[in-house]
Amino acid sequence: QVPLVESGGGLVQAGGSLRLSCTASFSATAMGWFRQAPGKGREFVAAIDTNEGTKLYGDSVKGRFTISRETGESTLYLQMNNLTPEDTAVYYCNLGPSLQRIAARSGLYLSWGQGTQVTVSS
């Protein structure tokens, strides 16, 4: 079984929406989304504590993106609204021991998956 499978990306116009999905081979205390734009490092996007339901967002996506998960499952979602060209990137998911470690990209549990490409046209 592939550890991480991301899907749902595509090409969308600015102001549009997309919903990404991530299926992990197991669940963990925290699950999160990251993205990497061309020529840039991997950036934290959002994370969720699977026990408490607490959520954490990167500054650039607050108010526009919503992270959620399938209860009792290792499936993670990212609803992205009001997309801008600056959101263009490959989006990845991963698991970790806490929201803070996810945000710091520290102690992540799995090797990165293939990711899913999101392209926002102006």
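The rules behind each value
Every chain's residues receive numbers from 1 upward, in the order its sequence appears when written. Under the rules for a predicted model, residues below a pLDDT of 70 receive no local features and side-chain atom pairs below 80 are neither given nor counted, while totals for whole chains, interfaces and linings still include all residues. Side-chain metrics in this entry use all non-hydrogen atoms of the structure; hydrogen atoms and water are not considered. For the purposes of this analysis, a disulfide is any pair of cysteine sulfur atoms at a distance within 2.5 Å. The way it works is that DSSP assigns letters per residue, a run of H or I at least four long becomes a helix, a run of E at least two long becomes a strand, and they are numbered from the N terminus. Relative accessible area decides the class of each residue, using a 1.4 Å probe on protein chains only: under 20% of the type maximum gives buried, over 50% gives exposed, and in between gives partly exposed. Note on aromatic contacts: the rings of Phe and Tyr and the six-membered ring of Trp form a pair at centre separations within 6.5 Å, being stacked when their planes are under 30 degrees apart, edge-to-face when over 60 apart, and tilted otherwise.

Q: What should I look at first to understand the state of the cysteines in this one?
A: Note on terminology: disulfide describes a covalent bond linking the sulfur atoms of two cysteines. Here the structure, examined in full by the defined rule, presents one disulfide. A sulfur-sulfur distance of 1.9 Å marks the disulfide that ties Cys-22 to Cys-93. The S-S bond linking Cys-22 to Cys-93 shows a torsion near 70°; that makes this disulfide right-handed. Here Cys-93 lies in strand E9 (residues 89-96) and Cys-22 lies in strand E3 (residues 18-24), a separation of 71 residues in the sequence. Under the relative-accessibility criterion, Cys-22 is labelled buried at 0%. We classify Cys-93 as buried; its relative accessible area is 0%.

Q: What should I look at first to understand the packing of aromatic side chains in this one?
A: For any pair of aromatic rings, geometry is given as the distance between the ring centres together with the angle between the planes. The final tally for this structure, using the stated rule, is four aromatic pairs. Look at Tyr-92 and Trp-112: their rings are 5.7 Å apart centre to centre, the planes differ by 70°, and that puts the pair in the edge-to-face class. Separated by 20 residues along the polypeptide, Tyr-92 in strand E9 and Trp-112 in the loop between helix H1 (99-103) and strand E10 (116-121) bring together distant segments of the chain. According to the relative accessible area criterion, Tyr-92 is buried, its value standing at 10%.

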